[in-house]
2 protein chains.
Amino acid sequence: MYEGPIQDLIDELAKQPGLGPKGAQRIAFHLLAGEKSDIDRLIAALGRVRDDVVFCAECGNVSANRLCRICSDSRRDATKICVVEEPKDVHAIERTKEFTGRYHVLGGALDPLSGIGPDQLRIRELLRRLANQEDGVDVSEVIVATDPNTEGEATATYLQRMLKDFPGLSVTRLASGLPMGGDLEFADELTLGRALSGRRILA
Amino acid sequence: MYEGPIQDLIDELAKQPGLGPKGAQRIAFHLLAGEKSDIDRLIAALGRVRDDVVFCAECGNVSANRLCRICSDSRRDATKICVVEEPKDVHAIERTKEFTGRYHVLGGALDPLSGIGPDQLRIRELLRRLANQEDGVDVSEVIVATDPNTEGEATATYLQRMLKDFPGLSVTRLASGLPMGGDLEFADELTLGRALSGRRILA
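Note that this is a predicted model, so its numbers are computed, not measured.

*Asks:* It is not clear to me how the interface of chain B and chain A should be interpreted in this structure. Could you clarify?
*Replies:* One frequent convention defines the size of an interface as the accessible area lost when the parts assemble. Counting residues at the interface gives 47 residues for chain B, matched by 46 residues for chain A. Taken over both partners, the interface formed by chain B and chain A buries close to 4800 Å², and the fraction arising from carbon and sulfur atoms is 66%. Of all residues in chain B, Glu3(B), Leu46(B) and Arg50(B) give up the largest surface area on contact with chain A, accounting jointly for 15% of the area buried on that side. Salt-bridge contacts for Arg50(A) lead to Asp40(B); the nearest nitrogen and oxygen are separated by 2.6 Å. Applying the counting rule to chain B against chain A returns 10 residue pairs in polar contact (both at pLDDT 80 or more). Only helix 1 (4–14), helix 2 (21–33), helix 3 (36–52), strand 2 (62–63) and helix 4 (87–96) of chain B provide two or more residues apiece to the side of chain B that touches chain A. With 14 residues, the single largest contributor to the side of chain B that touches chain A is helix 3 of chain B. Its residues placed into classes, the side of chain B that touches chain A shows 24 nonpolar, 7 polar and 16 charged.

Given below as structure tokens:
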């Protein structure tokens, strides 16, 4: 145990994901050995995240304003909504530069064992978005981009059922299959099975 | 890139040792998803480290007061000084519960290529401590516990030369050898060589 303030900082840092006591100690001593202005900048950044980050009123993504950058960008295609679990999934899809539509962040996936049902996710907000469509813009496709695991698949199935009665709306799901750059030989059975059942016609 | 405050926090966190952009992002979103009071506690802990941590006027260890817990503890043997590179080395030796003396923290090791010479370390302070001994207490042993690497060994050699003329003072060095619980077969040549040359008489 170190004296007072340092141990307190180590304890707080060690609560963060991916940091154990050793990693926390390393960061605490790094901050201590550095300039006080480095600590100031970290404190200021934490304060701004605490005070200034809000969730977009439309899509639920993290945002600096009432509407996020994507929802307030009129060039983004409002006829397509990509439904993801978390803000970092928005980031991942944006990096592909393949999607020009809007997003809807659920805030997680269905997981009854952890007490996460439809009411804990932003599903009602999605239905409201689809019902209260602005004049002229009809959402034609909802792409369900939840994770390809048990919870994500269950969420996709639930959404498919909820959305099937919207007229003129197609509900799609991200393809499952072999990861690019991977090796067929090392693919797990489930992934290879999905790749097979989802095979595309080339010619 | 995320919007404003989150990206700023990710950038600040990613500067810390052991955290890359991915780890920083994970912590930022963890903080964002948690209670605001968690961020408050982290900010408060950082502020206290910035404002309240000082270095002990005697040994140079991190401290909450002018003298650290060890230097102000009259039960600690003042005739032995263990010289270490960093505050975390004090912590490591304290954990052994084998040492009841005092410490002296150098603040690093000699490393001419990085511009760290004797004047950049707290060597002058060590000599002053040995010269200005309180009446009645004579330091009889200085244990050089710098790291067993090039810089630490160079520092040990330098200290040995500086301290050899103090009357009645023995200068010792931590033993090098096989780590406990290790396997002789897997020891590197240097360690095994040191273990051999430092062998002890058992009977």
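That shown, we press on.
*Asks:* Just checking my understanding: could you explain helix 3 (residues 36–52) of chain A for this structure?
*Replies:* Helix length check: helix 3 of chain A, at 17 residues, gives a terminal C-alpha distance of 24 Å against a target of 24 Å (1.5 Å per residue), a fit within 8%. Along helix 3 of chain A, the positions that sit buried rather than exposed are Ile39(A), Leu42(A), Ile43(A), Ala45(A), Leu46(A), Gly47(A) and Val49(A).

*Asks:* Help me understand the packing of aromatic side chains, please; the structure alone is not making it clear to me.
*Replies:* The description of an aromatic ring pair rests on the distance of the ring centres and on the angle between the ring planes. Residues and elements named next belong to chain A. Taken as a whole and assessed by the stated rule, the structure comprises 2 aromatic pairs over all chains. Measuring from centroid to centroid gives 5.3 Å for Phe99 and Tyr103, while their planes differ by 65°, and the two rings are edge-to-face. Taken as a pair, Phe99 and Tyr103 share a single burial class, namely buried.

*Asks:* Before we go on, may I ask you to explain the side chain of Gln7(B) in this structure?
*Replies:* Residue and element names in this part refer to chain B. Among the structural elements, Gln7 can be located in helix 1. When its relative accessible area of 10% is taken as the criterion, Gln7 is described as buried. The residues contacting Gln7, other than those within four sequence positions of it, are Met1 and Tyr2.

*Asks:* I'm lost on the sheet that holds strand 3 (residues 77–84) of chain B in this one. Help?
*Replies:* Think of a sheet as strands paired side by side through backbone hydrogen bonds, with each pair either parallel or antiparallel. Residue and element names in this part refer to chain B. Taken together, the 4 strands give an open sheet; going across it, the order is 4-3-5-6, and neighbouring strands pair in parallel fashion. With one partner strand each, in any of the chains shown, strand 4 (101–105) and strand 6 (170–173) form the two edges of the open sheet. Each neighbouring strand pair of the sheet contributes to a mean axis angle of 25°, computed without reference to strand direction. Summarising the sheet, strand 3 and strand 5 (residues 141–144) pair through 4 bridges and their orientation is parallel. Note that in strand 5 the partner of Val83 across the bridge is Val144. Contacts from helix 4 reach strand 3 and strand 4 within the one sheet, and its direction differs from that of strand 4 by about 155°. Packing of helix 6 (residues 150–163) onto the sheet brings it into contact with strand 3, strand 5 and strand 6, and relative to strand 6 it is tilted by some 170°.

*Asks:* Honestly, the relation of the copies chain B and chain A in this entry has me stumped. Any pointers?
*Replies:* Copies of the same chain, two in number, are related to each other by a rotation about an axis and a translation along it. When chain B is fitted to chain A, the residual RMSD is 0.0 Å, and the transformation amounts to a turn of 180° plus an axial shift of 0.0 Å. Within this description, the copies of the chain are treated as partners about a two-fold rotation axis. Minimal C-alpha separation from the rotation axis in chain B is found for Ile43(B), amounting to 2.8 Å. Of all interface residues in chain B, 98% are interface residues in chain A too; the two copies therefore contact each other through one and the same surface.

*Asks:* What should I look at first to understand the nonpolar core in this one?
*Replies:* A general feature of soluble globular proteins is that nonpolar side chains tend to end up buried together. Membership of the largest hydrophobic core comes to 40 residues, with the highest contact counts inside it found for Leu9(A), Leu46(A), Leu9(B) and Leu46(B). Elements with a contribution of two residues or more to this core: helix 1 (4–14), helix 2 (21–33) and helix 3 of chain A together with helix 1, helix 2 and helix 3 of chain B. Not counting residues up to four positions away in its chain, the partners in contact with Leu9(A) are Ala28(A), Leu31(A), Leu42(B), Ala45(B), Leu46(B) and Val49(B).

*Asks:* What exactly am I supposed to notice about the pattern of salt bridges here?
*Replies:* Side-chain pairs of opposite charge can arise whenever the charged atoms involved come near each other. Residue and element names in this part refer to chain A. In total, this model carries 26 salt bridges over all chains according to the counting rule given. Asp51 is the salt-bridge partner of Arg50, the closest N and O atoms lying 2.9 Å from each other. Here Glu153 ties to Arg173 by a salt bridge, and the two come within 2.7 Å at their closest N and O atoms. Residue Glu153 is found in helix 6 (residues 150–163), and its partner Arg173 is found in strand 6 (residues 170–173); the two are separated by 20 residues along the sequence. Looking at Arg173, the relative accessible area reads 29%, which means it is partly exposed.

*Asks:* Help me out: how do you make sense of unusual backbone geometry in this one?
*Replies:* Most peptide bonds take the trans configuration, and most residues that are not glycine carry a negative phi. Residue and element names in this part refer to chain A. The backbone of Lys97 shows a phi angle near 60°, a positive value even though the residue is not glycine. Following the sequence through the fold, Lys97 ends up in the loop between helix 4 (87–96) and strand 4 (101–105). According to the relative accessible area criterion, Lys97 is exposed, its value standing at 73%.

*Asks:* Looking at this structure, how should I read the UniProt feature "zinc finger region: C4-type" (unreviewed entry) in chain A?
*Replies:* Here, the residues flagged by UniProt with the feature "zinc finger region: C4-type" (unreviewed entry) are residues 56–71 of chain A. Taken as a whole, residues 56–71 of chain A contains 0% helix and 12% strand, while its terminal C-alpha atoms sit 8 Å from one another.

*Asks:* So what exactly am I meant to see when it comes to the packing of helix 5 (residues 123–131) of chain A against helix 6 of chain A here?
*Replies:* For any two helices packed against each other, one specifies the crossing angle of their axes together with the interaxial distance. Residues and elements named next belong to chain A. As a packed pair, helix 5 and helix 6 sit with axes 12 Å apart at the nearest point and diverge in direction by 35°. As for the relative orientation of helix 5 and helix 6, their crossing is right-handed in sense. Here helix 5 contributes Ile123, Leu126, Leu127 and Leu130 to the contact with helix 6, which in turn contributes Tyr158, Leu159, Met162 and Leu163. Of the residues contributing to the contact of helix 5 with helix 6, the split by class is 8 nonpolar, no polar and no charged.

The rules we used
Residues numbered from 1 in each chain as written. Chains lettered and ligands numbered in written order. Predicted model: local features only at pLDDT ≥ 70, side-chain atom pairs only at ≥ 80, totals over all residues. Heavy atoms only, no water. Contact = heavy atoms within 4.5 Å. Buried area = accessible area lost by both parts, 1.4 Å probe. Salt bridge = Lys/Arg side-chain N within 4 Å of Asp/Glu carboxyl O. Polar contact = N/O pair within 3.5 Å; in protein donor to acceptor, adjacent residues only side chain to side chain. Helix = DSSP H or I, 4+ residues; strand = E, 2+ residues; numbered from the N terminus. Nonpolar A, V, L, I, M, F, W, Y, C, P; charged D, E, K, R; others polar. Expected span 1.5 Å × (residues − 1). Buried < 20%, exposed > 50% of the residue type's maximum accessible area, 1.4 Å probe, protein only. Phe/Tyr/Trp six-rings, centres within 6.5 Å; stacked < 30°, edge-to-face > 60°. Pairing = 2+ DSSP bridges. Axes fitted to C-alpha atoms, helices over the stretch in contact; angles between N-to-C directions. Least-squares fit on C-alpha atoms with pLDDT ≥ 70 in both. Core = buried A, V, L, I, M, F, W, Y, C linked by side-chain atoms within 4.5 Å. UniProt positions renumbered as here; feature names shortened; annotations may be inferred. Left-handed = near helix turned anticlockwise from the far one by under 90°.

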